Amino acid sequence: MQSRMKVWGSVSLVVALLLVGCGDSTSPSAPERDAGTQVDAGTQVDAGTDAGVTDDAGTPDSGVAEGLPCEKTQGVCAGAKRAWVDGAYEAVCTARSYGADYEASEARCDGLDNDCDGVTDPTTWADAAPMQWAPDDKWADSLAVAGGFLFVSSDGLAAIQLLRFDASLTLQGSATLPLSPTPIRVSGAQLVRTPRGPALFYAVVYSEPNYHTQVHYLQLDEQGAPIGSAEGKVLLDGPSTWVNVHVAPSLDGERLAVVWTWDLAGAREVRGMVVDPAGQVLVQPRVLHRSDSLDLSEAEVLALADGGFLVKANENRAGSFDDTRVWLRRHDRELLSLGDERIFIVKYSVLPRLILTAPMEEGGVGEPTMLYRESQGLTPRFLQVRALFSDGAPEVLTSTTRSQTPEFAAIMTSRGLQLAWLSVLFVDNPPPGGNSSFAFEGRLWGRSPSGVVTDWTPGPAPIPLHAAANWVRLHELPGHQLGAFILTATDTPRSYTLRSLRYCAP
């Protein structure tokens with residue numbers, strides 16, 4: 001019996017050698033599996049960690065020619081060889097060859113060169129959309145929606161443009177909101193999130209039959225298309241040539257506080273009202289703050305954890321560049337005042353902003369905080385004031401470069417407070433026939449929650465800007481990235497471009 005087994009073993013070996021000799025040397029067969037092992041070294045296949053990466057491309061000890069090196073050789077692609085896929089080696093390497101960390105377009109903030117171009121966690125700039133003019137801070141806004149972002153701006157003086165971007169800030173579509181009758185100007189636009197979906201508040205000025213200003217509330221779908229009439233609901237209609245309006249949804253989303261001042265300058269009252277997500281008025285307009293001697297501006301409202309709202313306004317003496325008084329007062333859900341008011345004294349024209357800080361515990365709600373930027377000699381700095389009604393005092397967040405603009409963006413992300421701003425300078429008088437509004441340039445900066453300040457400008461050259469459009473719109477993106485929109489502008493040739501930026505904040 002033993003001798004028969006030896007003979008049979010010898011015959012099997014001969015047959016195996018003949019079969020190997022008959023193979024096509026130019027078309028290797030698929031690597032054979034070895035009872036639960038990979039072809040090269042007897043290593044077990046780990047289906048839970050390869051994330052779509054196929055078996056090894058063959059090694060010398062498997063009897064199969066090894067796959068050729070891949071096209072990309074840097075970053076996570078270093079040393080990669082072509083994977084065996086469906087009976088052949090990949091003609092062009094994909095993640096099957098490069099591994100689970102590979103991305104064709106890098107979108108992770110993981111400290112790796114995922115797309116193998118030699119740059120780790122790159123900053124990505126793109127021309128997002130051409131614009132018709134340079135809308136100022138009151139006429140441009142953006143909002144996160146399902147699968148991306150909406151951006152709204154006044155398209156010239158008498159139209160509203162809605163742009164739809166995906167999660168990578170790539171333009172997906174645009175539409176112009178028809179306004180009938182045609183106004184002489186759009187004086188404001190703001191996007192908010194409600195339980196019914198996105199909504200747009202916009203203010204328009206008409207000259208017929210007499211000058212008057214209206215504030216409209218328009219519900220949108222997630223693509224930015226109007227639901228119902230493009231006119232929406234008219235919330236306000238007053239005999240004025242201007243209105244500055246700001247809106248904040250309550251934290252439960254069931255009501256929206258609307259605050260405003262009439263006229264471009266010289267307002268002596270801050271008014272407010274409350275509407276529901278359908279635009280129905282819950283609280284009729286009422287006076288929230290009045291001044292007999294100071295002009296009121298920059299009215300702002302912020303939702304609070306108790307269901308109420310915090311209202312802010314700037315107070316300045318007409319025609320004066322004296323320091324600004326920032327008035328603050330809490331209100332309940334009906335916009336009835338609560339407690340004492342508080343006054344902060346800041347430099348002229350610093351434009352303070354309100355924001356809720358990150359909650360101290362999971363499921364909690366943060367406290368209201370005021371952020372502002374003021375000059376300290378030639379070096380501007382950012383400050384924050386917490387504990388607004390408990391003797392909170394200004395704290396310096398960071399100093400920045402010499403600049404002429406106080407505008408900035410601030411958002412509370414899953415990692416903490418993120419700031420972004422443009423440091424803008426007047427560079428030179430325009431040539432004969434030129435427009436001085438284009439004689440500005442700047443650099444885009446950001447501050448991370450850890451206090452790291454970074455120049456995110458794409459290259460050594462400054463960004464060409466317009467005097468009216470120094471704003472930044474900032475958003476948190478998937479993969480711990482941040483996204484920003486800014487507007488660039490040139491006089492020769494005359495152009496206005498909405499640009500997008502994606503970056504990994506430290």
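Right, let's walk through the structure included here.

Each value, and the rule that gives it
- Residues numbered from 1 in each chain as written.
- Predicted model: local features only at pLDDT ≥ 70, side-chain atom pairs only at ≥ 80, totals over all residues.
- Heavy atoms only, no water.
- Phe/Tyr/Trp six-rings, centres within 6.5 Å; stacked < 30°, edge-to-face > 60°.
- Helix = DSSP H or I, 4+ residues; strand = E, 2+ residues; numbered from the N terminus.
- Buried < 20%, exposed > 50% of the residue type's maximum accessible area, 1.4 Å probe, protein only.
- Pairing = 2+ DSSP bridges.
- Axes fitted to C-alpha atoms, helices over the stretch in contact; angles between N-to-C directions.
- Lys, Arg positive; Asp, Glu negative; His and termini not counted.
- Salt bridge = Lys/Arg side-chain N within 4 Å of Asp/Glu carboxyl O.
- Contact = heavy atoms within 4.5 Å.

Our next topic: the packing of aromatic side chains. The description of an aromatic ring pair rests on the distance of the ring centres and on the angle between the ring planes. For the structure on display, the rule yields 15 aromatic pairs. Where Tyr-98 meets Tyr-102, the ring centres are 4.7 Å apart and the plane angle is 40°; that geometry is what we call tilted. An angle of 75° between the planes, with centres 5.1 Å apart, marks the rings of Phe-321 and Tyr-348 as edge-to-face. Residue Phe-321 is located in the loop between strand S17 (309-316) and strand S18 (324-331), and its partner Tyr-348 is located in the loop between strand S19 (337-346) and strand S20 (353-356); the two are separated by 27 residues in the primary sequence. Residue Phe-321 is classed as exposed on the basis of its relative accessible area, which comes to 65%.

Take the sheet that holds strand S7 (residues 171-177) next. Pairing in this open sheet of 4 strands is antiparallel, and the strands run S4-S5-S6-S7 from one edge to the other. Each of the sheet's edge strands pairs with one partner strand only, and the pair in question is strand S4 (140-145) and S7. Along the sheet, successive strands turn relative to each other by an average axial angle of 20°, direction set aside. Pairing of S4 with strand S5 (residues 148-154), which is carried by 6 bridges, proceeds in the antiparallel orientation. Note on S5: the bridge partner recorded for Ala-144 is Phe-149.

Here we come to the side chain of Arg-447. Tracing the backbone through its elements, the reader meets Arg-447 in strand S26 (residues 440-447). Despite its burial, Arg-447 pairs with no opposite charge; the closest candidate is Glu-395, at 8.7 Å N-O. In this structure, Arg-447 is in contact with Leu-397, Thr-398, Leu-417, Gln-418, Leu-419, Trp-421, Val-452 and Val-453, ignoring residues within four places of it in sequence.

This paragraph deals with the environment of Gln-132. With respect to the element layout, Gln-132 can be found in the loop between strand S3 (124-130) and S4. In this structure the C-alpha to C-alpha distance between Gln-132 and Arg-494, which are 362 residues apart in sequence, comes to 10.0 Å.

An order of S12-S13-S14-S15 is seen for the 4 strands of this open sheet, with the pairing classed as antiparallel. A strand with exactly one partner marks an edge of an open sheet, and here the two such strands are strand S12 (243-249) and strand S15 (281-290). Here the average twist between neighbouring strands, direction ignored, is 20°. One ladder, built from 6 bridges, connects strand S14 (residues 269-275) with S15; its direction is antiparallel. Residue Gly-272 lies in a different strand from S15, and its bridge partner there is Arg-286.

Everything listed here is a matter of geometry and, on its own, says nothing about what the molecule does.
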